[in-house]
Number of protein chains: 2
Amino acid sequence: MFDEPIERLIEYFRQLPGVGKKTAQRYAFFVIENSKEKAENFAKAIVEVKEKVKLCAVCGNYSTTEICPICSARNRQIVCVVQEPKDIVSMEKVKSYNGVYHVLFGTISPLENRGPNDIKIKELLARVEKDGVKEVIMATNPDVEGDATAMYISRLLKPLGVKVTRLAQGIAMGSDIEFTDEVTLERALEQRKEI
Amino acid sequence: MFDEPIERLIEYFRQLPGVGKKTAQRYAFFVIENSKEKAENFAKAIVEVKEKVKLCAVCGNYSTTEICPICSARNRQIVCVVQEPKDIVSMEKVKSYNGVYHVLFGTISPLENRGPNDIKIKELLARVEKDGVKEVIMATNPDVEGDATAMYISRLLKPLGVKVTRLAQGIAMGSDIEFTDEVTLERALEQRKEI
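Report follows, based on the coordinates. (Residues numbered from 1 in each chain as written. Chains lettered and ligands numbered in written order. Predicted model: local features only at pLDDT ≥ 70, side-chain atom pairs only at ≥ 80, totals over all residues. Heavy atoms only, no water.)

### A closer look at the interface of chain A and chain B
To keep things clear, this is the line we draw: Should any heavy atoms of two residues lie within 4.5 Å, those residues are counted as being in contact. Buried area is understood as the total, over both parts, of accessible area removed when two parts are fitted together, assessed with a 1.4 Å probe. Throughout this description, the term salt bridge denotes a Lys or Arg side-chain nitrogen within 4 Å of a carboxyl oxygen of Asp or Glu. Any pair of nitrogen or oxygen atoms within 3.5 Å is treated as a polar contact; in protein, a donor-acceptor pairing is required on top of that, and neighbouring residues in sequence qualify only through side-chain atoms on both sides. By definition, any uninterrupted DSSP run of H or I lasting at least four residues is a helix, any uninterrupted run of E lasting at least two residues is a strand, and each is numbered from the N terminus.
The partner chain B presents 50 residues to the 50 residues of chain A that form the contact. Of the roughly 4900 Å² buried at the junction of chain A and chain B (both faces included), carbon and sulfur atoms supply 71%. Its largest share of buried area at the contact with chain B, chain A owes to Y12, K50 and Y62 of chain A, together 13% of the area lost on that side. Linking chain A to chain B there are 4 salt bridges. When the shortest N-O distance is used, the salt bridge between R8 of chain A and E48 of chain B registers 2.3 Å. Across the contact surface, chain A and chain B share 11 residue pairs in polar contact (both at pLDDT 80 or more). The set of elements that each furnish at least two residues to the side of chain A that touches chain B consists of α1 (4–14), α2 (21–33), α3 (36–52), β2 (62–63) and α5 (85–91) of chain A. Of the residues forming the side of chain A that touches chain B, the biggest block, 15 residues, is contributed by α3 of chain A.

### With respect to the relation of the copies chain A and chain B
One chain copy maps onto the other through a rotation about an axis and a shift parallel to that axis. Spelled out, the test is: For the least-squares superposition of copies, only C-alpha atoms count, and only for residues with pLDDT at least 70 in both.
If you rotate chain A by 180° and push it 0.0 Å along the axis, it lands on chain B with an RMSD of 0.1 Å. Expressed as a symmetry operation, the mapping of one chain copy onto the other fits a two-fold axis. Proximity to the rotation axis, assessed at the C-alpha, singles out A43 of chain A in chain A; its C-alpha lies 2.1 Å from the axis. Both copies present the same face, since 100% of the interface residues in chain A are matched by interface residues at the equivalent positions in chain B.

### Some words on the environment of R74 of chain B
Residues and elements named next belong to chain B. Stated formally: Buried, partly exposed and exposed residues are distinguished by accessible area as a fraction of the type maximum, computed with a 1.4 Å probe on protein chains only: under 20%, between the cut-offs, and over 50%, respectively.
Checked against the element boundaries, R74 lands in the loop between α4 (69–73) and β3 (78–82). Overall, the relative accessible area of 23% leaves R74 in the partly exposed class. Between the C-alpha atom of R74 and that of Q169, which follows or precedes it by 95 residues, the distance is 27 Å. In contact with R74, other than residues within four places in its own chain, are E92, Y97, N98, G99, V100 and Y101. Within the structure, R74 has its side chain in polar contact with the side chain of E92 (distance 2.7 Å). Polar contacts involving the side chain of R74 include one to the main-chain carbonyl oxygen of G99, which spans 3.0 Å.

Laid out in structure tokens, this is it:
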């Protein structure tokens, strides 16, 4: 359909998450219609992000410095454990949290052949000893794998005398009971609180 | 929120059409999570498309050659006039069309201060004379500006003895009368055909 350089650019845009053929085409046309300078800067930004962004040596979050700003500035005795760096973005919107993070880079998943050694559990245990961690908050996703991973890690941590907590599960703020799925409702019922 | 190279890349992704903050962030994280090689190739594809893709000297479509494959191979006596190169992509899906195209790069729009000299009308007139064009099909969008532009061009072309046609307007295939807007219905009624 298109000349080769256009097809190739469309192909790269299509690899982005959630991008179909039509959207990729719109993106490619946008690049073509814009200035050469803008395209060059865009390309530079892509290369630069790969060159400069590493993983924080402490928590595994994306960082341009060896130790990320969060780990450098905050109380390391409270650690929130997440599956992916992008989860930190969401957690950071909760202004009241001022502990640090630990990225597992996945969950334990027998179905996908990922065992405890394939995610960053060893590193978490090492931190707990080294930094004298007092509380570990498990913020893995509320699904089968996330729950199982949280449970597995909690069993390893408890003998070390660390308090292990899990984000509360229940109905989301602003949602409708009518449209809430039964698993969530069941969990909310089980964990009901006296008011 | 993020380190500077990440923020910058998010900013570039946000400039793509229809991309908000959250989507741009997903795209940037995708680049970070992928291999360096892939990022470099992606960046190269962006720069290359600007270097290699020019406008066809005949029709104005995007092309890596001076004259695009469509203009090189087809009957130049039937010309379909479109607003933008991307409209050619849609027209080309109609397999029965085997004429060539002419891209106006916009419409006449007094509101946006675009007159007849700001779009490629002169170039169209020159082609009509040079190639002995027999029919010009106006495929500008079916809105006020597209209609006005089609009408303007048709008045210039008719004295030259060229047949000027306009894509039929009416209710779209597969649509519901119930949900069709009144302007479209009015047009469809005016242009009703005996069956």
